[in-house]
Amino acid sequence: MSEFPKTLDDAIAQAQQSTLAALDAGCQRVQIDLAVPEIALQGQAIARSFADLFASYDSSLKILFPDTGASALARRDWGETSFSVSDLGSSRTPIEMKISDEDRLFLVVCPSAVEVGQVEKLCNLALDRPVILLAPQLESVAIVGIGYAARQLRDRFLSTLETSYYLRPFEGGAVVRAYPGLWQVWLEKEGGEYELLTEESQQPMGEALERLLLGESESQTPTETSSKVKKKGFLDNLQQMLRALTQ
């Protein structure tokens, strides 16, 4: 990816193209990680744009929301659609009852760690049918715990997910990945422009990301680098945009 997304629409367009590329490459469990504040409030609108992207699937496209309330709201707002809208099920109506042999592609909207069990079961039931997770938040220490149980979840399921698109802003920059490209770290410069700092084969996070930021220039002190990445930019613009959309 050679250009940094300047708006939410840009990010969604990049996410759609990279998701199509991942599906064309044979990826069957795909996640779109738009890790920006309040994105869950816009999940329905973004899901609708992805439904348009997969219009060729017609009635074989199934969009799944975390619960019956969210799915009912989407059906009300969207009206009659060629695709079907449902939810991830519950103890009374498990996910097995929510899917059929006619379903050929599944789009799961904003699943949380509460639904990680249903999402994993859906992926297993889907077999060779693609499952796309839109803005998932499947890992939560409070829910899945730490240690052995969390490692099992990652090894058994989370590690099987291919990230088609990733956008996580931090103060003064962002980490971005568009399949099949590398993981990129961008920093904001004067005038709101963004400059590519580095590309990595593995996702930079935590201390690894901090080292990359501090290592931008050997002559910079941590204080100088810290002040450089504390400018307002894309994150603030997204927050303002999303607040305006939800008012």
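Details of the structure are given in the entry above.
Attention in this report is confined to the structure presented alongside it. These numbers were taken from a predicted model, which means no experiment stands behind them.

### What about the pattern of salt bridges?
Then, number 1: Scanning the entire structure with this criterion turns up 10 salt bridges.
Then, number 2: Its salt-bridge partner being Asp103, residue Lys62 comes within 3.2 Å of it at the nearest N-O pair. With Lys62 in strand E2 (residues 61–65) and Asp103 in the loop between strand E3 (84–87) and strand E4 (105–109), this residue pair connects regions lying 41 residues apart in the sequence. As far as burial versus exposure is concerned, Lys62 and Asp103 are alike and both buried.
Then, number 3: Across the pair Lys189 and Glu195 runs a salt bridge, and its minimum N-O distance is 3.6 Å.

### Topic: the packing of aromatic side chains
Then, number 1: The full count for this structure, using the stated rule, is 6 aromatic pairs.
Then, number 2: Look at Phe54 and Tyr57: their rings are 6.1 Å apart centre to centre, the planes differ by 80 degrees, and that puts the pair in the edge-to-face class.
Then, number 3: The buried category is assigned to Phe54, whose relative accessible area is 2%.
Then, number 4: Taking the relative accessible area as the measure of exposure, Tyr57 reaches 29% and is therefore partly exposed.
Then, number 5: Measuring from centroid to centroid gives 5.1 Å for Tyr166 and Trp183, while their planes differ by 70 degrees, and the two rings are edge-to-face. In this pair, Tyr166 is assigned in strand E6 (residues 162–170) and Trp183 in strand E8 (residues 183–188), connecting sequence segments 17 residues apart. Here Tyr166 and Trp183 have matching classes, each one buried.

Reading the values: rules and limits
- Residues numbered from 1 in each chain as written.
- Predicted model: local features only at pLDDT ≥ 70, side-chain atom pairs only at ≥ 80, totals over all residues.
- Heavy atoms only, no water.
- Salt bridge = Lys/Arg side-chain N within 4 Å of Asp/Glu carboxyl O.
- Helix = DSSP H or I, 4+ residues; strand = E, 2+ residues; numbered from the N terminus.
- Buried < 20%, exposed > 50% of the residue type's maximum accessible area, 1.4 Å probe, protein only.
- Phe/Tyr/Trp six-rings, centres within 6.5 Å; stacked < 30°, edge-to-face > 60°.

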